[in-house]
Amino acid sequence: DSGVTQTPKHLITATGQRVTLRCSPRSGDLSVYWYQQSLDQGLQFLIQYYNGEERAKGNILERFSAQQFPDLHSELNLSSLELGDSALYFCASSVAGGQNTGELFFGEGSRLTVL
Amino acid sequence: GENVEQHPSTLSVQEGDSAVIKCTYSDSASNYFPWYKQELGKGPQLIIDIRSNVGEKKDQRIAVTLNKTAKHFSLHITETQPEDSAVYFCAASKTSGTYKYIFGTGTRLKVLA
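These lines cover the structure that appears in this document, whether it is placed above or below. (Residues numbered from 1 in each chain as written. Chains lettered and ligands numbered in written order. Predicted model: local features only at pLDDT ≥ 70, side-chain atom pairs only at ≥ 80, totals over all residues. Heavy atoms only, no water.)

### Some words on the overall build of chain A
- The number of helices and strands found in chain A is zero helices and 11 strands.
- Seen in sequence order, chain A has helices and strands lined up from the N terminus as β-β-β-β-β-β-β-β-β-β-β.
- Looking at chain A as a whole, 51% of its 115 residues are labelled buried.
- For chain A, the distance from the average site of its 8 positive side-chain charges to the average site of its 12 negative ones is 2 Å. (Helix = DSSP H or I, 4+ residues; strand = E, 2+ residues; numbered from the N terminus. Buried < 20%, exposed > 50% of the residue type's maximum accessible area, 1.4 Å probe, protein only. Lys, Arg positive; Asp, Glu negative; His and termini not counted. Charge placed at Lys NZ, Arg CZ, Asp CG, Glu CD.)

### Here we look at the pairing of strand E8 (residues 74–78) of chain A
Residue and element names in this part refer to chain A.
- Burial analysis of E8 places five of its five residues in the buried class, the great majority of the element.
- With burial as the criterion, each face of E8 is covered, one bearing Ser-74, Leu-76 and Leu-78 and the other bearing Glu-75 and Asn-77.
- The pairing of strand E3 (residues 19–24) with E8 spans five bridges and is classified as antiparallel. Paired with Val-19 across the bridge in E8 is Leu-78.
- Here strand E7 (residues 64–68) pairs with E8 via five bridges, running antiparallel. Among the inter-strand pairings, Ser-65 is bridged to a residue of E8, identified as Asn-77. (Pairing = 2+ DSSP bridges.)

### Some points on the sheet that holds E7 of chain A
Residues and elements named next belong to chain A.
- What the four strands build is an open sheet, ordered E1-E3-E8-E7; its pairing is antiparallel. Among the strands making up the open sheet, the edge pair consists of strand E1 (5–7) and E7. Adjacent strand axes in the sheet meet at a mean angle of 15°, parallel and antiparallel pairs treated alike.
- Examined bridge by bridge, E1 and E3 share three bridges and lie antiparallel to one another. (Axes fitted to C-alpha atoms, helices over the stretch in contact; angles between N-to-C directions.)

### Focus: the packing of aromatic side chains
- In the structure shown here, the tally under the stated rule is 13 aromatic pairs over all chains.
- Both rings, one in Phe-64 of chain A and one in Tyr-89 of chain A, keep their centres 6.4 Å apart while their planes meet at 75°; by these two values the pair is edge-to-face. With Phe-64 of chain A in strand E7 and Tyr-89 of chain A in strand E9 (residues 87–94), this residue pair connects regions lying 25 residues apart in the sequence.
- Judged by centre distance (5.7 Å) and plane angle (80°), the rings of Phe-106 of chain A and Tyr-36 of chain B are edge-to-face. Highlighted residues: Phe-106 of chain A in strand E10 (residues 105–106) and Tyr-36 of chain B in strand E4 (residues 32–38), drawn from two different chains. Judged on exposure class, the residue Phe-106 of chain A and its partner Tyr-36 of chain B are both buried.
- Aromatic ring contacts, followed pair by pair, group Tyr-35, Phe-45, Phe-90 and Phe-106 of chain A together with Tyr-36, Phe-89 and Phe-103 of chain B into a single cluster. (Phe/Tyr/Trp six-rings, centres within 6.5 Å; stacked < 30°, edge-to-face > 60°.)

### Some details on the side chain of Ser-31 of chain A
- For Ser-31 of chain A, the position within the fold is in strand E4 (residues 31–37).
- Polar side-chain contacts of Ser-31 of chain A include one of 3.2 Å to the side chain of Gln-48 of chain A. (Polar contact = N/O pair within 3.5 Å; in protein donor to acceptor, adjacent residues only side chain to side chain.)

### Examining the sheet that holds strand E8 (residues 72–77) of chain B
All names here are of chain B.
- Ordered by their spatial adjacency, five strands build an open sheet running E1-E3-E8-E7-E6, and the pairing between neighbours is antiparallel. What marks the edges here is a single partner per strand, and that holds for strand E1 (4–7) and strand E6 (56–59). Between one strand axis and the next, the sheet turns through 15° on average, direction left out of account.
- Of the strand pairs in this sheet, E1 and strand E3 (residues 19–25) are connected by four bridges, and their pairing is antiparallel. Each bridged residue has a counterpart across the sheet, and for Val-4 the counterpart in E3 is Tyr-25.

### Re the nonpolar core
- Ranked by internal contacts, the top residues of the largest apolar core, which has 42 residues, are Tyr-35 and Leu-104 of chain A together with Trp-35, Tyr-101 and Phe-103 of chain B.
- The dominant element in this core, judged by the number of residues it contributes, is strand E9 (residues 86–92) of chain B, at seven residues.
- Each residue touching Leu-104 of chain A, except ones within four places of it in the same chain, is listed here: Tyr-33, Tyr-35, Ala-92, Ser-93 and Ser-94 of chain A together with Tyr-36, Tyr-101 and Phe-103 of chain B.
- Counting residues in each nonpolar core, the second largest holds 21 residues, with Trp-34, Phe-64, Leu-76 and Leu-78 of chain A among its members. (Core = buried A, V, L, I, M, F, W, Y, C linked by side-chain atoms within 4.5 Å. Contact = heavy atoms within 4.5 Å.)

### Section: the pairing of strand E2 (residues 10–14) of chain B
All names here are of chain B.
- Here E2 shows one buried face, formed by Leu-11 and Val-13, and one open face, formed by Thr-10, Ser-12 and Gln-14.
- With five bridges joining them, E2 and strand E11 (residues 107–112) adopt parallel strand pairing. Counterpart to Leu-11 in the pairing with E11 is Leu-109.

Read these as layout, nothing more, since geometry by itself doesn't imply function.
What follows is the structure in structure tokens.
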């Protein structure tokens, strides 16, 4: 158990809909990362937050948005869903976010299926 | 932008043989290179990492080498066992400025008993 909690584990929805994925980082971790893993694909970096502020952005679509709340949990919002958004979405957390890169601790992912 | 290439995409070895996975990175400012193992149905988990001030690091049956000049690093698994079968990801990151943790495309390792 990595200590990172993601909900829901599975989600099935229709095209055009909007969903919210939630992540609770390990206790004490200030950084949260979001990654998308499509079938047989690698881990595509979406966005990183550190202590409530956006720190780095990857190939995140404009239809997607995220935020990190004062209690450090994070949410990834996916809107106007398309079939191609079907993927496994991982959240990871780490203590660091600034000057000291360190290990990422991954949750078990949220599997999104868009029909 | 930053990019990490990983080869091979799949690798099958006989139990007891060695496995080598190679990665190259594009951002010369990268100075932290971790390797993650992802088992079926689980999130990736760190197995070993190396920083740019070190050329090689070992931990039991696994080792990582880094060539900063050529911008590539490799994972070596010796005496492979069936439980080593998984997807392995390399990553590159840096410790200053814009902070991105970029992963390679993954290698599916199968250890044949």
